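# Close look at the chain arrangement
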Amino acid sequence: MKREENLKYFFGAYKGICILTVYGIASVSSLSEVTEMLNELESEISKKYIINFNNTDTIDKSISLIIVNIKNIIRIKNAKIIFCGLNKKIKSSLIEEGIIIKNEYAPNPMDAYN
């Protein structure tokens, strides 16, 4: 049985908080889905963005590029961003590389609300 390789996402927004949930496999082959997601993110207007990568896997360094693009979009909006749900290996790598900082990460979406 072939593993699903498409990256999928969905948005939810309530009282100035946008939650973007990303799942599937982040890879170069998911470029069209990532582009669509980033375009939708640009049009979303919120004061706080929670980006949940629970159930997201990666087979290359594309997760870094996705996060950098997400941060750039939200930085322009002058809004707060919290990432959550990254597996420990990916999270450690992103922090070591300076792509995310510790106060931009919460273990799960409920912690990100605070």
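The notes below deal with the structure included here. These numbers were taken from a predicted model, which means no experiment stands behind them.

Another point: the overall build of the protein. Regarding its fold elements, the protein presents four helices and six strands. Its C-alpha atoms give the protein principal-axis dimensions of about 40 × 30 × 25 Å. Looking at the protein residue by residue over its 114 residues, the buried ones come to 43%.

Here the focus is the pairing of strand 1 (residues 8–14). Taken together, the seven bridges between strand 1 and strand 2 (residues 17–26) define a ladder with antiparallel strand orientation. If you follow Tyr 14 over to strand 2, its bridge partner there is Ile 17. The hairpin turn running from strand 1 into strand 2, its antiparallel successor, is two residues long, and Lys 15 in that turn takes a positive phi close to 50°.

Another aspect to go through is the pattern of salt bridges. Per the counting criterion, the structure on display carries one salt bridge. Between Glu 104 and Lys 71 there is a salt bridge; the shortest N-O distance is 2.8 Å. With Glu 104 in the loop between helix 3 (88–96) and strand 6 (105–106) and Lys 71 in helix 2 (residues 62–77), the pair connects residues that are 33 residues apart, well separated along the chain. Like Lys 71, Glu 104 is buried.

Before going further, it helps to examine the nonpolar core. Counting residues in each nonpolar core, the largest one holds 28 residues, and the members touching the most others are Ile 51, Phe 53, Ile 67, Ile 70 and Phe 83. Contributions of two or more residues to this core are made by strand 2, helix 1 (31–43), strand 3 (48–52), helix 2, strand 5 (80–84) and helix 3. Those residues in contact with Phe 53 that sit more than four places away from it in its chain are Val 22, Ile 63, Ile 66, Ile 67, Ile 70, Phe 83, Cys 84, Gly 85 and Leu 86.

Tracing the backbone shows Ser 27 in the loop between strand 2 and helix 1. Separated by 2.8 Å, the side chains of Ser 27 and Ser 29 make a polar contact.

This next bit is on the layout of surface pockets. The space that makes up the largest pocket amounts to roughly 170 Å³. Lining the largest pocket we find Asp 57, Thr 58, Asp 60, Lys 61, Ile 63, Ser 64, Asn 87, Lys 89, Ile 90, Ser 93, Leu 94 and Glu 97. Those elements that provide at least two residues to the lining of the largest pocket are strand 4 (56–58), helix 2 and helix 3. Take the lining of the largest pocket: its biggest share by element is four residues, from helix 3.

The rules behind the values
- In every chain, residue numbers begin from 1 and rise along the written sequence.
- Predicted model: local features are reported for residues with pLDDT of at least 70 only, side-chain atom pairs are reported and counted for 80 or more only, and whole-chain, interface and lining totals are derived from all residues.
- Here the side-chain values reflect all heavy atoms present in the structure, with hydrogen atoms and water set aside.
- Secondary structure is summarised from DSSP: a helix means a run of H or I of at least four residues, a strand means a run of E of at least two, and numbering begins at the N terminus for each.
- Burial classification: accessible surface area is computed with a 1.4 Å probe over protein chains only, and a residue below 20% of its type maximum counts as buried, one above 50% as exposed, and the rest as partly exposed.
- In short, DSSP must find at least two bridges between two strands for them to pair.
- For salt bridges, the criterion is a side-chain nitrogen of Lys or Arg within 4 Å of an Asp or Glu carboxyl oxygen.
- Definition used in this section: a nonpolar core is a set of buried Ala, Val, Leu, Ile, Met, Phe, Trp, Tyr and Cys residues joined via side-chain atoms within 4.5 Å.
- Contacts between residues were defined by any pair of non-hydrogen atoms, one from each residue, lying within 4.5 Å.
- Distance and chemistry together define a polar contact, namely a pair of N or O atoms within 3.5 Å, with one atom able to donate a hydrogen and the other to accept it when in protein, and with adjacent residues in sequence counting only for side-chain atoms on both sides.
- Cavities and pockets are defined on a 1 Å grid built over the protein atoms alone: a cavity is a set of grid points where a 1.4 Å probe fits but cannot escape, while a pocket is an open set with protein on both sides within 12 Å along at least five of seven lines, and lining residues are those with an atom within 4 Å of any such point.
- Grid points are joined across faces, edges and corners, and a volume is the space filled by probe spheres set on the points.

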